[in-house]
Amino acid sequence: MLLEITDLRVAFGDVVALDGVSFSIDKGERVGLVGEAGSGKSLVALAIARLLPKAAVMTGGIKLDAPSIAIVRQDDHPSPDPLKRASELVADRTLLEALGVPADRFASELTPAQRQLLLVAMAIARKPDLLILDEPFVLLDAPGQRRLVDVLAARTMAMLVIGHDLAAVAILTSRVLILEKGKVIEAGPTGDVFSRPSQDYSKSLIAGARIRARTLMRSPIGTDLLDVNGVSVTYPDRQRIFRRKPAVTALDKVSFTLRRGEALALVGADGAGKSTLARLIAGLGKAKRGTLAFERMVYRGRDLPRLLRKEISLVFPDPRFAFNPELSLGASVTEPLLLDENHTIEEQSERLVEVLRAVRLTPDHLDLYPRDLGLYDLQCLALARALMARPKLVVLDEPVRLLHNRQRVEMLMLINRLRADFGFSAIITASNLELVRHIADRALVLDAGRIVDEGTPGALLETPGHPATQAMADARLPEVGIGVVAPVGRQSSRARL
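Residues numbered from 1 in each chain as written. Predicted model: local features only at pLDDT ≥ 70, side-chain atom pairs only at ≥ 80, totals over all residues. Heavy atoms only, no water.

Q: Would you mind showing me how to read the environment of Arg147 here?
A: By the element assignment, Arg147 lies in helix α5 (residues 142-153). C-alpha of Arg147 to C-alpha of Glu97: the two residues are 50 residues apart in sequence and 9.8 Å apart in space. (Helix = DSSP H or I, 4+ residues; strand = E, 2+ residues; numbered from the N terminus.)

Q: What is the right way to look at helix α14 (residues 405-422) in this model?
A: An α-helical segment advances 3.6 residues per turn. Residues three or four places apart therefore align on the same side. The end-to-end C-alpha distance of α14 is 26 Å, a good match for the 26 Å that 18 residues give at a rise of 1.5 Å each. Buried within α14 we find Asn405, Arg406, Arg408, Val409, Met411, Leu412, Leu414, Ile415, Asn416, Arg417, Leu418 and Arg419. The positive-phi residue at the C-terminal boundary of α14 is Gly423, with phi of around 70°. (Expected span 1.5 Å × (residues − 1). Buried < 20%, exposed > 50% of the residue type's maximum accessible area, 1.4 Å probe, protein only.)

Q: Looking at this structure, how should I read the pairing of strand β5 (residues 69-72)?
A: The side chains of a regular strand alternate between both faces of the sheet. Of the two faces of β5, the one lined by Ala70 and Val72 is fully buried and the one lined by Ile69 and Ile71 carries no buried residue. In the sheet, β5 pairs with strand β6 (residues 130-134) via four bridges, with the strands oriented parallel. Looking at β6, one finds that Ile69 is bridged to Leu130. (Pairing = 2+ DSSP bridges.)

Q: I keep staring at the environment of Val72 and nothing clicks. Help me out?
A: As for its placement among the helices and strands, Val72 is situated in strand β5. Overall, the relative accessible area of 4% leaves Val72 in the buried class. For the pair Val72 and Val120, spaced 48 residues apart in sequence, the C-alpha separation works out to 6.5 Å. When near neighbours in sequence (up to four residues on either side) are disregarded, Val72 contacts Gln116, Leu119, Val120, Ala123, Ile132, Leu133 and Asp134. (Contact = heavy atoms within 4.5 Å.)

Below, the structure is given as structure tokens:
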């Protein structure tokens, strides 16, 4: 037995974070640990690695009989040596290639997701007896997640996989434990627990991870709202700083039209250009060539006319960086009203209460600061702020990427309901076609800054027309849920629960 945990208890003063956690891992065995935010999953990993905060008081037993362990922590800001190339940190180029990490790039030149994968590669390369992975999939796009799952599935080392992505845990583990408020409430073979849970919390957690059909969705109505015509954006390549001309093309002659009331998804792997395009539409950045026209008013990015600023709102992927930490949430949420001064204090208050109710929050939240709330509530407030000025277009850049499964489902349902209630058009960026099929009327697939495919998300998943779309379709993981014991769709021949 490599690891045996007996009656583990971790407390911070009077707050008990872990309460009586017990489980073991044998040689070559893979165990999953799942639960919602705050359930105590990450504390288990920290306790095993003897990395608990100084304020923590731990009791119980942890017996580790593994000559070597490796851990990749959730709260590690990926920081491999920035002055070394990936191939210098991991000699196995085949492993780097399988994970999609450019071997000849310096660590400082990698994207956050690539640096996360590099850390995992460094851990695997050590060939530990036990590999502990704490939320390894959060930063990854759908193809990156698929690559990591395939690489891990091919390894023989023992693993403790901690995460909220039930589909990935289902593929990688033979046994799973479900945590609720620091306690193990259910444990057993992964397939049995995920398809036939016995506890109410487990049923809710697993059922909540399944995305249901679209609700409250409005069909496209009206005339053209936004026209993007031959837009190109370039950036200097950091590897070629001594060359006079920019070498990296972020967007290359992109053209499309968005109609009033339509929800359009911009889908692609990391680096495809979707976020660059989303922010350009919202008035950030500048197109080198081409133009954008919102209600026939032409602009090229940051020159978006002031009159249109209140008509287009942008919601960022990580709400923790979208709010000023020194301002109360109430002050931040009301900022968009500065663009429209034709409202009395009473009208502003009514509008504020209306948007808070729309995202199912209360005025009590307005006295708090960003540090006081979790990611989901902060993203709800970001949506509320985006709706304050009653925009005609809301641009949502990866709005659910950092959320847990059930939170993702709830956020998608909320966005659908807000579209119905407020009647705005929407542009949503994502790396997962499966997610946007439940929220978008139409999807554009981007690859290397170009639009390479177009259609409804469902049609693109079933009959992808471009290799980039095919990669997105193949990246789908098996569906997990009550009564689901086998993959669905295109993945049926690739993996089994």
